[in-house]
Structures are given as structure tokens and as C-alpha cells.
Amino acid sequence: MPSNQYRSKGLWALKTKNGGKWPAAKEAAAPATSKTIVKDFGKGQKRTVVVPRSPRFYPTEKVTKPRALRRKASAPTIRESLQVGTVAIVLSGKFRGKRVIVIDRLASGLVLVSGPFKVNGVPLRRYNPAYLIATSTKVDLSSVKFENADKLNDAFFARPANSEDKSANVENKKVTADRIALQKSVDTQLLAVVKKTPFLKEYLASRFTITKGLNPHALKF
């Protein structure tokens, strides 16, 4: 019976406590979007922290967002020892141990070198300065003006991007006729300068090696 529930559930006490009236239902509080946090900075400053709304759906896998780089990319630098005309030793790649002549310091931070090709088989190519050791031997190239000097840049030696066509990628790796012609013109002028110094050609043709009992840190290049 309703009257029995009225007494057994103590509904009469709620009505009496509210002055003989049923208490009105409280409205649901709106979700807090922001709150004020007081931190003691010595002057009682207040800071408002915005609480974001919870999403309705969550991704099944963790999605990571790449962090934005705030630092500015600095211009590439090349060691002062790798000046034009310096004889350097290659430390990596199929030409490791070979001695090469620095032709130019490129804007990309790479170093353009050549064997010459007729002396030790090293063609015109770019190297990261980290894989070159500068020696005290130098070749005076101040009076040399290379033909097609406008091609001695990063754009000329850049390799085309790979495509889905595998046959096209094979063709891109082949040495072009322009590259061969440029190599011959540079080697002709380099050899003319190299022959002026006794035993320099033999020095460039020899490979640098470290034998047993030879400490690299004690060497004076």
C-alpha cells in the first residue's frame, strides 16, 4: 500500500524536514571546463587552467603526434682544415683509404673531391666532411679555372628520386655523358698541377693503411 511505503521508507521525514513540501530535484551541474589554481609566487597570483572536454570516442591504437621543432636549423659548417687544394684521406665507402684532392666546399655542407680518376680511380663525388681526414699536403689550385665550373655544385651531382619503375632506377644510376666529360676536363687540369710537384702523383696513387703497432692517434697527417 502507498501509505505503508510512506511510513516504512521514511518519506514523511523528508517532507517534514522540507517544511511540509517535497524537496525539488537538483539540476545536474554542468561539467567544469576551467578552474582557478592559486600558486604562491610571493604575491598571491592566480592562474586559470582550462580542463579539456573528454572525447566521446578513443582511438584503438595509441596515436603519437610529432613534436614541433622550435630550434632553427643552423647552416652546415665544414672544418677549416678541408680547404680547396687539400689532400684528404677517405674513411668510408668503396674508396676508403684513397687519397683525394678537395675541389670545392659546397653550400650543402659536403665537400667535392676528385682522385684524380686517372691516378687512383676516385671520380668527382661529394663527401661528408666527417668521413675525410685532412692532411698537411696541399695542392695550389688558385690559378686553376675549371671548365664548366657552373656544374660543380650540388644540383649537378644530386641523384634523381627513385620511382616505381625499376628499369628507370637502373638508368638513373648509370654515369651520364655530361658526367664523363666533366671528369675528363677536371682531371686534365688537375694532372697538370700534380705533375709540378715531385712524387705527388705516386703519393695520391698509394692507399693509406694502418699496420700493426701503428697508433692512429699518434700519427701526424
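Residues numbered from 1 in each chain as written. Predicted model: local features only at pLDDT ≥ 70, side-chain atom pairs only at ≥ 80, totals over all residues. Heavy atoms only, no water.

## Some words on the overall build of the chain
Part 1: Helix and strand counts for the chain stand at seven helices and seven strands.
Part 2: Starting at the N terminus and walking to the C terminus, you meet the elements of the chain as α-α-β-β-β-β-β-α-β-β-α-α-α-α.
Part 3: A buried classification covers 24% of the 221 residues belonging to the chain.
Part 4: Across the chain, every contact between residues at least 6 apart in sequence was considered, and the portion connecting residues at least 24 apart equals 55%.
Part 5: Summing over all exposed atoms, the chain offers an accessible surface of approximately 17500 Å²; the carbon and sulfur share of this is 54%. (Helix = DSSP H or I, 4+ residues; strand = E, 2+ residues; numbered from the N terminus. Buried < 20%, exposed > 50% of the residue type's maximum accessible area, 1.4 Å probe, protein only. Contact = heavy atoms within 4.5 Å. Areas by Shrake-Rupley, 256 points an atom, 1.4 Å probe, with all protein chains shown as cover.)

## Regarding the side chain of Asn120
Part 1: Inspection of the secondary structure assignment puts Asn120 in helix 3 (residues 117-120).
Part 2: Separated by 3.1 Å, the side chain of Asn120 and the backbone oxygen of Leu204 make a polar contact.
Part 3: Discounting residues that sit within four places of it in the chain, Asn120 has contacts with Lys98, Arg99, Gly115, Leu204 and Ala205. (Polar contact = N/O pair within 3.5 Å; in protein donor to acceptor, adjacent residues only side chain to side chain.)

## Remarks on the pattern of salt bridges
Part 1: For the coordinates displayed, the defined rule picks out one salt bridge.
Part 2: With a shortest N-O distance of 3.1 Å, Arg126 and Asp154 are connected by a salt bridge. You can see Arg126 sitting in strand 6 (residues 125-127) and its partner Asp154 sitting in helix 4 (residues 154-157), a full 28 residues away along the chain. (Salt bridge = Lys/Arg side-chain N within 4 Å of Asp/Glu carboxyl O.)

## Considerations on the pairing of strand 4 (residues 99-105)
Part 1: Counting buried positions along strand 4 gives five out of seven residues, so the element sits mostly inside the fold.
Part 2: Relative to strand 4, strand 3 (residues 86-90) is paired through three bridges, and the arrangement is antiparallel. Residue Ala88 lies in a different strand from strand 4, and its bridge partner there is Val100.
Part 3: Alignment of strand 4 against strand 5 (residues 111-114), held across four bridges, turns out to be antiparallel. Following the sheet pairing, Val102 is matched in strand 5 by Val113. (Pairing = 2+ DSSP bridges.)

## What to know about the side chain of Asp187
Part 1: With respect to the helices, strands and loops of the structure, Asp187 is situated in helix 6 (residues 177-194).
Part 2: At 6.3 Å, Lys118 is the nearest oppositely charged side chain to Asp187, a buried residue that forms no salt bridge.
Part 3: Beyond its immediate sequence surroundings of up to four residues, Asp187 is in contact with Ser114, Pro116, Phe117 and Lys118. (Lys, Arg positive; Asp, Glu negative; His and termini not counted.)

## Brief notes about the sheet that holds strand 6
Part 1: An order of 6-5-4-3-7 is seen for the five strands of this open sheet, with the pairing classed as antiparallel. Two strands lie at the open edges of the sheet, namely strand 6 and strand 7 (132-138), each paired on one side alone. Sheet twist, expressed as the average angle between the axes of neighbouring strands with direction ignored, equals 45 degrees. (Axes fitted to C-alpha atoms, helices over the stretch in contact; angles between N-to-C directions.)

## Comments concerning unusual backbone geometry
Part 1: With an omega dihedral of 0 degrees, the bond running from Gly115 to Pro116 counts as a cis peptide bond.
Part 2: On the secondary structure map, Pro116 appears in the loop between strand 5 and helix 3.
Part 3: With phi around 65 degrees, Phe199 is a residue other than glycine that occupies positive phi space.
Part 4: On the secondary structure map, Phe199 appears in the loop between helix 6 and helix 7 (200-205).
Part 5: Of the residues examined, Phe199 reaches a relative accessible area of 68% and is grouped as exposed.

## So, a nonpolar patch on the surface
Part 1: Together, Tyr6, Trp12, Leu14 and Trp22 give the surface a local cluster of nonpolar side chains, amounting to about 440 Å² of exposed area.
Part 2: Of note, Tyr6 is situated in helix 1 (residues 2-8).
Part 3: Look at Tyr6 and you get partly exposed, because its relative accessible area is 31%. (Patch = residues over 30% accessible without salt bridge, like charges linked within 9 Å, V, L, I, M, F, W, Y side chains within 5 Å.)

## Points about the packing of aromatic side chains
Part 1: Applying the stated rule across the entire model yields two aromatic pairs.
Part 2: Between the aromatic rings of Phe156 and Phe157, the centroid separation amounts to 5.3 Å while the plane-to-plane angle is 85 degrees, which identifies the pairing as edge-to-face.
Part 3: Using a relative accessible area of 23% as the deciding quantity, one classes Phe156 as partly exposed. (Phe/Tyr/Trp six-rings, centres within 6.5 Å; stacked < 30°, edge-to-face > 60°.)

## Details of the layout of surface pockets
Part 1: Empty space within the largest pocket amounts to approximately 780 Å³.
Part 2: Those elements that place two or more of their residues in the lining of the largest pocket are helix 3, strand 6, helix 4 and helix 6.
Part 3: A total of six residues in the lining of the largest pocket trace back to one element, the largest contributor, which is helix 6.
Part 4: Residue classes in the lining of the largest pocket are distributed as 10 nonpolar, three polar and 11 charged. (1 Å grid on protein atoms, 1.4 Å probe; cavity = no way out; pocket = protein on both sides within 12 Å on 5 of 7 lines; lining within 4 Å. Points joined across faces, edges and corners; volume = space filled by probe spheres on them. Nonpolar A, V, L, I, M, F, W, Y, C, P; charged D, E, K, R; others polar.)

Geometry only, nothing functional implied.
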